[in-house]
Amino acid sequence: MYRAFLYILVLSILAFVIWGSFFEIQLKITLSLIVLTSLPFIRKKLYKDEALFRKGKAALYASVFLTACGLLMIMGSMLLDKGMDFAAFGFIFFLFVIFLFGSVVYGIPVSSFSDLVTAQTTRYRLPLAFLIHLGFGLLSYLFLGPLMYFAVIVAVVFFVFDEVLRKKTFPQIKMGV
């Protein structure tokens, strides 16, 4: 009983903060859906410990990879211009934090939802999972606007790392004749 009261209290406070804020309606709906994934009966279906750990690693790897790509582009432009811009390195750290935050807060619930939807699918699981990741990346247009392109890139890279880690964790069982 105490646990149920605690969940109701925390969710009420979060709902008040989200719906009482000055955010746009699209962001309020998205944040509310993310908060709802913390409900116990939803969390049990979406988040399995080993899958959650794998998705956390995929989020970290995707963020590091995209940050490294940005760092290489900045270093290339510095070499071509023959000048050092130290403010760009601060921007790279900011990009890493944003990529990691988006991957953890938005990417992990979407990827868990994708796993739940494609659990019974065998033949077309990979394309269907890709379309779900891509679709939710495109859906971020509602609250990111033109920055949605970054979300789509992060969603695709997150998907690739998650699938590579899935194959590494659960190797395919070959059927012998």
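Each chain has its residues counted from 1, following the order in which its sequence is written. In keeping with the predicted nature of the model, local features appear solely for residues at pLDDT of at least 70, side-chain atom pairs appear and are counted solely at 80 or more, and the whole-chain, interface and lining totals rest on all residues. The basis for every side-chain value is the complete set of heavy atoms in the structure, and neither hydrogens nor water enter the calculation.

## A look at the side chain of D162
Its place among the elements puts D162 in helix α8 (residues 148-169). Setting aside anything within four residues of it in sequence, one finds D162 in contact with R54, K55, A58 and S111. Under the scheme used here, helices are H or I runs from DSSP no shorter than 4 residues and strands are E runs no shorter than 2 residues, and both carry numbers assigned from the N terminus. It only takes one pair of heavy atoms within 4.5 Å for two residues to be counted as in contact.

## Concerning the packing of helix α6 (residues 125-139) against α8
Only the contacting stretch of a helix is used when fitting its axis, a line to C-alpha atoms as for every element, and angles between N-to-C directions run 0 to 180 degrees. Two numbers describe how α6 lies on α8: the axes approach to 8 Å, and their chain directions differ by 150 degrees. Classified by the interaxial angle, the pair formed by α6 and α8 is roughly antiparallel. When you trace α6 past α8, the crossing you get is right-handed. Facing R125, L126, A129, F130, H133, L134, G137 and L138 of α6, the residues of α8 in contact are M148, A151, V152, A155, V156, F158, F159, E163 and R166. When residue character is reported, Ala, Val, Leu, Ile, Met, Phe, Trp, Tyr, Cys and Pro are called nonpolar, Asp, Glu, Lys and Arg charged, and the others, Gly included, polar. Considered class by class, the residues forming the contact of α6 with α8 number 12 nonpolar, two polar and three charged. Orientation labels follow simple angle bins: below 35 degrees gives roughly parallel, above 145 gives roughly antiparallel, 65 to 115 gives roughly perpendicular, and whatever is left gives oblique. For any helix crossing, the convention is left-handed if the near helix is rotated counterclockwise from the far helix by under a right angle, and right-handed if that rotation is clockwise.

## Let's talk about helix α4 (residues 49-81)
Here a helix's expected span is defined as the number of its residues, less one, multiplied by 1.5 Å. Taking 1.5 Å of rise per residue, the 33 residues of α4 would be expected to cover 48 Å, and the 48 Å separating its terminal C-alpha atoms lies within 8% of that figure. Only protein chains enter the accessibility calculation, which uses a 1.4 Å probe; a residue is then buried when its area is under 20% of its type maximum, exposed when over 50%, and partly exposed in between. Of all the positions in α4, only A51, R54, K55, A58, A59, A62, S63, L66, T67, G70, I74 and M78 are classed as buried. Where the residues of α4 are buried, they touch α5 (86-117) and α8.

## Notes on the side chain of S111
Among the secondary structure elements, S111 is positioned in helix α5. Among residues more than four places away in sequence, those in contact with S111 are K55, H133, F158 and D162.

## Here we look at the confidence of the model for the protein
Scored by pLDDT, the protein comes out at a mean of 80, with 82% of its residues at no less than 70. pLDDT is a per-residue confidence score from the predictor, ranging from 0 to 100. Within the protein, the lowest mean pLDDT, 67, falls on helix α3 (residues 40-46), and the highest, 90, falls on α8. Across residues 173-177 the pLDDT falls below 50, and counting only partners more than four positions away or on other chains, this stretch makes zero contacts in the model.

## A closer look at the pattern of salt bridges
Oppositely charged side chains can form a pair if their charged atoms are brought close together. One side-chain nitrogen of Lys or Arg within 4 Å of one carboxyl oxygen of Asp or Glu is enough to make a salt bridge. Applying the stated rule across the entire model yields seven salt bridges. Among the salt bridges present, the one from D115 reaches R54, with a minimum N-O distance of 3.2 Å. Note that D115 is positioned in helix α5 and R54 in helix α4, a separation of 61 residues in sequence. With a relative accessible area of 18%, D115 lands in the buried category.

## Some points on the nonpolar core
Residues belong to a common nonpolar core when they are buried Ala, Val, Leu, Ile, Met, Phe, Trp, Tyr or Cys residues joined through side-chain atoms within 4.5 Å. Counting residues in each nonpolar core, the largest one holds 15 residues, and the members touching the most others are L66, I74, F99 and F158. Those elements that provide at least two residues to this core are α4, α5 and α8. With six residues, the single largest contributor to this core is α4. Not counting residues up to four positions away in its chain, the partners in contact with L66 are F99, I153, V154 and V157.

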